[in-house]
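Observations on the three-dimensional arrangement
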Amino acid sequence: MTSHIREQAKLITAQLLSGAGIASGYAVGGLLAEEITGQTSMAGFAQMSVILGAGLIAYPLAVLAGRSGRRTALTLGFGVGTLGAVVVLIGVGLQFLPLFMLGMMMCGSSTASGLQARYAAVDLADPAAAGRAMSLVVWATTVGSVLGPSFTAPGAHLGQTLGMNGLAGPYLISMVAFALATLAASTLTKTVTSGAPTGTSTDTEAAAVRQPMKLGEALRFALARPVPLFAMVTIIAGQMMMTNVMVMTPVHMDHQEFSLGAIGIVVSIHIAGMYALSPVFGWMADRWGSGIVIAGGAGIFTLTIVLGVIDAIAPESSMVLLSTALSLLGIGWSMFLIGGSSLLTASVPAHAKVPLQGASDSAMNLGGALMAALAGSVLGAGGFLWINLMATFVLLIAVGFSIRAIPLMSWPGRRPLAEAADRSSAAPTQPGQVAPDQAGGEE
């Protein structure tokens, strides 16, 4: 077994365990917040806290990865998530909302670490197979994430057996899973570094990796170029749409008198959609280009919203309809995440990758946190229909940003307009991708 395969296996193991820990408590977080406060509007704030925590720590973890390597950053990230699960249990036991929310924010560190792991896989991969390497790590979350919600009912029983609040029981499972993910990440080779060029690299490239752009400089670089900007917007919009609908679905189902077991099944189906097909989307990105994957994701999100609206206006919610809609929601998220991440990695130079990867992960989680914070009030005011209308608004924004980027990207059978210029130093590009100096804008 080569060293790259061993390191990839360690990343996959950590991601699998982290996925199980996140999913174990996902279905009950909103219910716990609602129970502690007695207010439905607070349900969204529980998941908002997780996503906010992920957003706040994502960029510092990226900076740490650039300075000290992926092993240090991922080990710390999963370790903070482990402590977060402990704090959640204490907060629920004391029925003290601020402590509970703090623990949920700390759990978000595991989410941020799982997202960073996909870029660690790219650091190890050949550039021509970057999409597949990334998607395999994302796919690894499938097993843990699908099994995680199935632990909801047994976890509740375990909690009751130990004299705890039954809904807090799944966080015992989260605590153990995050601890094991921390252990797996700690075994990574220290030389797995952030933004390291794969294949043969020049001294100039190596120096660029050692001296990454400052955050402000990197953001100005992306804002001046339609393709990297569109890639970042795609990642952020996918997270916002997914979060908006997903965090309120368990609450919506609870109000429709679905059982906790039924809620767990729908969450499992949704998470399977998020991760199970990711290798296919990674292969598509490498073969046909990131643009095809993103375009397919936009179509899937549109269908998801239509199904959500149908369920919202129906006299009675349908388990089949909700399961289908939530599965498609996960698939759309996966296509936006992999397509957007592949496009971002391919359209910026090495010295801009680390800050923009960290910034996009922070922004996607902060955007998701905003949607989760608003979702409870929106559900209370306009029901599940308004939740889906919020997702529609975000999708339209992403489509708007695509208008300037599409002509600069290559597509199957068509070269990008940017390639018409005489740029003898431009690097070869994959379909749907552009060389960093062809992404639009000026250096």
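Just so it is clear, the model here is predicted, and its values are computed rather than measured.

1. Here we look at unusual backbone geometry
At Q95, a residue that is not glycine, the phi angle is positive and equals roughly 55°. As for its placement among the helices and strands, Q95 is situated in the loop between α3 (70-94) and α4 (97-124). A residue is classified by how much of its surface remains accessible, and Q95, at 39% relative accessible area, is partly exposed.

2. Re the packing of helix α10 (residues 226-255) against helix α13 (residues 290-313)
For the pair α10 and α13, the least separation of the axes is 12 Å and the interaxial angle reads 25°. As the angle between them shows, α10 and α13 are arranged roughly parallel. Our pair here, α10 against α13, has a crossing hand that is left-handed. Of the residues in α13, those touching α10 at F230, T234, G238, M241 and H252 are I294, F301 and D311. Residue classes in the contact of α10 with α13 are distributed as four nonpolar, three polar and one charged.

3. Side note on the packing of aromatic side chains
The relation between two aromatic rings is expressed through the spacing of the ring centres and the mutual angle of the planes. Going through the model one piece at a time under the given rule, you end up with three aromatic pairs. Ring plane angle 80° and centroid distance 5.5 Å describe the contact between Y275 and W333, whose orientation is recorded as edge-to-face. Of the two residues, Y275 is situated in helix α11 (residues 260-275) and W333 in helix α14 (residues 319-347); the sequence distance between them amounts to 58 residues. Given a relative accessible area of 4%, W333 falls into the buried group. Ring geometry for W283 and W288: centres 5.0 Å apart, planes at 75°, overall edge-to-face. By relative accessible area, W288 is classed as partly exposed at 34%. The ring of F221 carries the charged tip of R225 above its face, separated from the ring centre by 3.8 Å.

4. Re α14
For α14, built from 29 residues, the straight-helix expectation of 42 Å at 1.5 Å per residue is met to within 8% by its first-to-last C-alpha distance of 42 Å. In terms of residue burial, α14 counts as a mostly covered element, since 23 of its 29 residues are buried. At the N-terminal boundary of α14, the capping side chain belongs to S318, with an oxygen 3.3 Å from the backbone nitrogen of V320.

5. Digging into a nonpolar patch on the surface
Residues V86, I90, L94 and F96 make up a contiguous nonpolar surface patch of about 360 Å² in total accessible area. You can see I90 is positioned in helix α3. For I90, a relative accessible area of 42% translates into the label partly exposed.

6. Here we look at the environment of A272
Along the chain, A272 turns up in helix α11. Accessibility expressed as a relative area gives 23% for A272, which makes it partly exposed. For the pair formed by A272 and W139, sequence separation is 133 residues and the distance between their alpha carbons is 9.1 Å.

7. Details of the nonpolar core
Core analysis: the biggest nonpolar cluster contains 86 residues, and M241, M248, L344, L356 and I387 have the highest contact counts within it. Top contributing element to this core by residue count: helix α15 (residues 350-405), with 19 residues. The contacts of L356, once residues within four sequence positions are left out, are A218, L219, A222, M232, L344 and V348. Among the nonpolar cores identified, the runner-up in size contains 21 residues, and L31, A33, A46 and F100 belong to it.

8. Here's the deal with the pattern of salt bridges
Taken as a whole and judged by the stated rule, the model has four salt bridges. In this structure, K10 and E7 form a salt bridge, with 3.2 Å as the shortest nitrogen-oxygen distance. You can see K10 and its partner E7 sitting in helix α1 (residues 3-37), three residues apart, about one turn around the helix. You can call K10 partly exposed: its relative accessible area is 24%.

9. Notes on the packing of α11 against α14
Close contact between α11 and α14 brings their axes to 6 Å; oriented N to C, the two are set at 30°. On the basis of their axis angle, the class for α11 and α14 is roughly parallel. Regarding α11 and α14, the two cross each other, and that crossing is right-handed. Of the residues in α14, those in contact with A262, I265, V266, I269, H270, G273, M274 and Y275 of α11 are M319, L322, S323, L326, S327, L329, G330, I331, W333 and S334. For the contact of α11 with α14, the class distribution of residues is 12 nonpolar, six polar and no charged.

Rules of the game
Residues numbered from 1 in each chain as written. Predicted model: local features only at pLDDT ≥ 70, side-chain atom pairs only at ≥ 80, totals over all residues. Heavy atoms only, no water. Helix = DSSP H or I, 4+ residues; strand = E, 2+ residues; numbered from the N terminus. Buried < 20%, exposed > 50% of the residue type's maximum accessible area, 1.4 Å probe, protein only. Axes fitted to C-alpha atoms, helices over the stretch in contact; angles between N-to-C directions. Parallel < 35°, antiparallel > 145°, perpendicular 65-115°, else oblique. Left-handed = near helix turned anticlockwise from the far one by under 90°. Contact = heavy atoms within 4.5 Å. Nonpolar A, V, L, I, M, F, W, Y, C, P; charged D, E, K, R; others polar. Phe/Tyr/Trp six-rings, centres within 6.5 Å; stacked < 30°, edge-to-face > 60°. Lys NZ or Arg CZ within 6 Å of the ring centre and 35° of its normal. Expected span 1.5 Å × (residues − 1). Polar contact = N/O pair within 3.5 Å; in protein donor to acceptor, adjacent residues only side chain to side chain. Patch = residues over 30% accessible without salt bridge, like charges linked within 9 Å, V, L, I, M, F, W, Y side chains within 5 Å. Areas by Shrake-Rupley, 256 points an atom, 1.4 Å probe, with all protein chains shown as cover. Salt bridge = Lys/Arg side-chain N within 4 Å of Asp/Glu carboxyl O. Core = buried A, V, L, I, M, F, W, Y, C linked by side-chain atoms within 4.5 Å.

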